[in-house]
Amino acid sequence: MSAPEDRYSDALAAAHRHTRQWLESQDDRRVGPSLTAAELAAEFGGPLPQDGTPAADVVDQLATKADPGLMAMPSGRFFGWVIGGALPAALAADWLVSAWDQNSALRFASPATAAIEEAAGAWLLDLLGLPRSADVGFTTGATMANFTGLAAARWRLMTDAGWDLDADGLAGGPRIRCFVGKERHDTIDLGLRHLGLGRPTVVPVDRQGRIDPAELDCALDLALTGSGHSGSGPSGRTPLLVCLQAGNLHSGAFDPFREAIAVAKSHGAWVHVDGAFGLWAAAVPELADLTAGVAGADSWGTDAHKTLNVPYDCGVTVVRDTVALRAAMGFHTDYLMHEVTGPADPFETVPELSRRARGVPVWAALKSLGRDGVADQVRRLVLHARRLAEELADLEGVEVLNDVSYTQVSLAFGDDATTRAVTARIIADGRVWMSGSRWQDRDILRISVSNWSTDDDDAALAVRAVRDALTAVRG
Ligand SMILES: *Cc1c(COP(=O)(O)O)cnc(C)c1O
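Residues numbered from 1 in each chain as written. Predicted model: local features only at pLDDT ≥ 70, side-chain atom pairs only at ≥ 80, totals over all residues. Heavy atoms only, no water.

## Remarks on the sheet that holds strand E9 (residues 408–412)
Pairing between sheet strands relies on hydrogen bonds along the backbone, with the strands arranged either parallel or antiparallel. This is how the line gets drawn: Here, any two strands with at least 2 DSSP bridges between them count as paired. In DSSP terms, a helix is any run of H or I states spanning at least four residues, a strand is any run of E spanning at least two, and both are numbered starting from the N terminus. For this analysis, residues touch if any pair of their heavy atoms sits within 4.5 Å. Helix axes are fitted only over the stretch in contact, all axes being lines through C-alpha atoms; the angle between N-to-C directions runs from 0 to 180 degrees.
With respect to topology, four strands assemble into an open sheet ordered E8-E9-E11-E10, the strand pairing being antiparallel. Looking at strand neighbours, the two that pair on one side only are strand E8 (399–400) and strand E10 (435–439), the edges of this open sheet. Where E9 and strand E11 (residues 442–448) come together, four bridges link them in antiparallel fashion. Counted as the bridge partner of Leu411 is Leu445 from E11. Its contacts with the sheet put helix H14 (residues 360–393) on E8, E9 and E11, and the angle it makes with E9 is roughly 20°.

## Details of the pairing of E11
Rules: Per-residue accessibility, obtained with a 1.4 Å probe over protein chains only, is compared with the maximum for each type, and a residue is labelled buried under 20%, exposed over 50%, and partly exposed between these values.
Most of E11 sits out of view: six of its seven residues are buried. Pairing of E10 with E11, which is carried by five bridges, proceeds in the antiparallel orientation. Within the sheet, the bridge partner assigned to Ser435 lies in E11 and is Arg446. Adjacent in sequence and paired antiparallel, E10 and E11 are bridged by two residues, among which Gln440 carries a positive phi angle near 50°.

## With respect to a nonpolar patch on the surface
Rule in force here: Nonpolar side chains (Val, Leu, Ile, Met, Phe, Trp, Tyr) within 5 Å and like charges within 9 Å form the patches, drawn only from residues with over 30% relative accessible area and no salt bridge. Calculation of accessible area relied on Shrake-Rupley with a 1.4 Å probe; when residues are assessed, cover is drawn exclusively from the protein chains displayed. The term salt bridge refers to a side-chain nitrogen of Lys or Arg lying within 4 Å of a carboxyl oxygen of Asp or Glu.
On the surface, Phe44, Val58 and Leu62 cluster together into a nonpolar patch covering about 260 Å² of accessible area. With respect to the helices and strands, the residue Leu62 is situated in helix H3 (residues 55–66).

## Describing the packing of helix H6 (residues 142–160) against helix H8 (residues 186–194)
Rules: Angles are sorted into four bins: roughly parallel if under 35 degrees, roughly antiparallel if over 145, roughly perpendicular if 65 to 115, and oblique for all others. Crossings are assigned a handedness: left-handed for a near helix turned anticlockwise from the far helix by less than a right angle, right-handed for a clockwise turn. Residue type decides the class: Asp, Glu, Lys and Arg count as charged, Ala, Val, Leu, Ile, Met, Phe, Trp, Tyr, Cys and Pro as nonpolar, and the leftover types, Gly among them, as polar.
In contact at an axis separation of 9 Å, H6 and H8 are set at 50° when each is read in the N-to-C sense. By the angle between their axes, H6 is oblique relative to H8. Viewed along their axes, H6 and H8 form a crossing whose handedness is right-handed. Residues Thr143, Asn146, Phe147 and Leu150 of H6 form the contact with H8, whose participating residues are Thr187, Ile188, Leu190, Gly191, Leu192 and His194. In the contact of H6 with H8, the residues fall into five nonpolar, five polar and no charged.

## Points about the nonpolar core
What counts, and what does not: Throughout this description, the term nonpolar core refers to a set of buried Ala, Val, Leu, Ile, Met, Phe, Trp, Tyr and Cys residues connected via side-chain atoms within 4.5 Å.
Counting 56 residues, the largest nonpolar core has Phe179, Leu244, Val273, Trp280, Leu308, Val362 and Tyr406 as the members making the most contacts within it. Every element with two or more residues in this core is listed here: helix H5 (111–128), strand E1 (135–139), helix H9 (213–225), strand E4 (240–245), helix H10 (257–266), strand E5 (270–274), strand E7 (315–319) and H14. In terms of residue count, H14 provides more of this core than any other element does, six residues in total. Excluding its chain neighbours within four sequence positions, the residues that come into contact with Phe179 are Thr201, Val203, Leu216, Ala219, Leu220, Ala223, Leu240, Leu241, Val242 and Cys243. Grouped together as the second largest cluster of nonpolar side chains are 27 residues, Leu157, Cys178, Cys243 and Ala327 included.

## Overview of the site of the ligand
Let me state the cut-off plainly: For this description, a residue counts as near a given molecule or strand if any of its non-hydrogen atoms is within 4 Å of it. Polar contacts here mean pairs of N or O atoms no more than 3.5 Å apart (in protein, one a potential hydrogen donor and the other a potential acceptor; neighbouring residues in sequence count only if both atoms are side-chain atoms).
Lining the immediate environment of the ligand, one finds 13 residues, of which Thr143, Asp274, Asp303, His305 and Lys306 sit closest. Interatomic distance of 2.6 Å between a side-chain N/O atom of Thr143 and an oxygen atom of the ligand. At a separation of 2.8 Å, an oxygen atom of the ligand approaches a polar side-chain atom of Lys306. About the coverage of the ligand: the protein hides 84% of its 380 Å² of free accessible area.

## Structural notes on the domain arrangement of the protein
To keep it simple, the criterion reads: These domain boundaries are the output of an automatic or database domain assignment.
Assigned domains within the protein: domain 1 (4–72) and domain 2 (94–364). Look at where the C-alpha atoms of domain 1 and domain 2 centre, and you get two points 37 Å apart.

## Re the side chain of Ser410
Turning to its location among the elements, Ser410 is positioned in strand E9. At 2.7 Å, the side chain of Ser410 forms a polar contact with the backbone oxygen of His250.

## What to know about the pairing of E1
In terms of burial, E1 is a largely internal element, five of the five residues being buried. The alternating pattern of E1 places Asp135, Gly137 and Thr139 and Val136 and Phe138 on opposite faces, both of which are buried. Bridge count for E1 against E7 is five bridges, and the pairing is antiparallel. When the bridges of E7 are listed, Gly137 appears paired with Thr317.

## Observations concerning the sheet that holds E4
Strands sit in the order E1-E7-E6-E5-E4-E2-E3 across an open sheet of seven strands; the sheet is mixed. Taken across any chain shown, the strands that pair with only one partner, and hence form the sheet edges, are E1 and strand E3 (201–203). Between one strand axis and the next, the sheet turns through 20° on average, direction left out of account. Of the strand pairs in this sheet, strand E2 (residues 177–181) and E4 are connected by four bridges, and their pairing is parallel. For Val180, the partnering residue across the bridge sits in E4 and is Cys243. Lying over the sheet, helix H12 (residues 322–329) contacts E1, E5 and E7, oriented at roughly 35° with respect to E1.

If you want it as structure tokens, here you go:
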């Protein structure tokens, strides 16, 4: 039997070599992939071979064959969706997490990863201005972070309505009425669907996509008293759930938290905030206005793999009501009811039991940046977005559709057909990558500045790429 380091060394050396090549290629490679998944199928598919392949050869083949099908998401020239790159310390920490191979469900079984994640969680609460006594869970992304917060909400609302959710399920119980802004992220609806809560009531928003607190007030009034009244629980309370948003996908706008939360609370609602990429504005002193009042909510979902730039995947759920969260996610609730004062076992705050220690790269990212470094990183994303918007607005034929208060810029080029053609041209050109989308009944080109490594040169290149594409489309 060879020594452990010999059994692993060839494969790890190959992975290290390929990783460095990949990262070095980010400066000048074409951003988009050059092959489709269907085209790559033959490389990886076919019948499962009868015989095995040495580990280092497996790594070589994987890296070589995958390369033309990889999107340069870690590149500073990638502006698609809302994605974010990988900070060096976070990427390296992620490798350690794989090597440590800790099943991070229980504090006593993997004390190091539990302690690291608890420290990361405390730093996050501090940085984002959220209640220090809240529970933090590390999920796969904001979708599951939101789901987790909403699951805690469901448990608390049903319990307070006098309904035993754990024993009797939803059927026959009071209906939880859910309220969302018209421009919430679709994954909020998905979370509500996963939880059996049905379709939410949609509340009107302003031009930037911010929920209108007066409209929310009316909708909640109607749910409690009007023809929309759907019955309270045995306790006489009507369960109400309001979902707000920090960071609109298209405009980057933030719901007016102070007003909207006051309205929701005056009706006894649970308030959940989807802050996938926007909650990070709270880490920047001069952006504090955007998130003012957000700490008054009950639960929050965010991503570490977007604005913070840890590698995929990592979301963060934060829930003030630790009893509700641990009852909703844990699976020994009777015992939990008496044990909620100490730290949770990791499995009690997320949907999974067994999982990787995905909070460790968060700790590494925060440790490597420090408080000032996080603020600087978010500040730079916003400054690049604002500068891009200003320079693009100066080009003839370009419309900037949103107030650029954060990291998102939505553009149009006259009619929808031209906008679609410009978008296709930029993607085909390959120097940068930006997403096409649809917002407020128009086709748009959306730029998201979410990568720590985007610099002045990348931003200038982005402006040139848009200008060149528009010139080419106009012939
Ligand atoms: C990205 C995003 C989500 C979903 O997050 P995932 O990390 O993809 O699960 C939810 N809400 C908003 C506003 C987002 O930007």
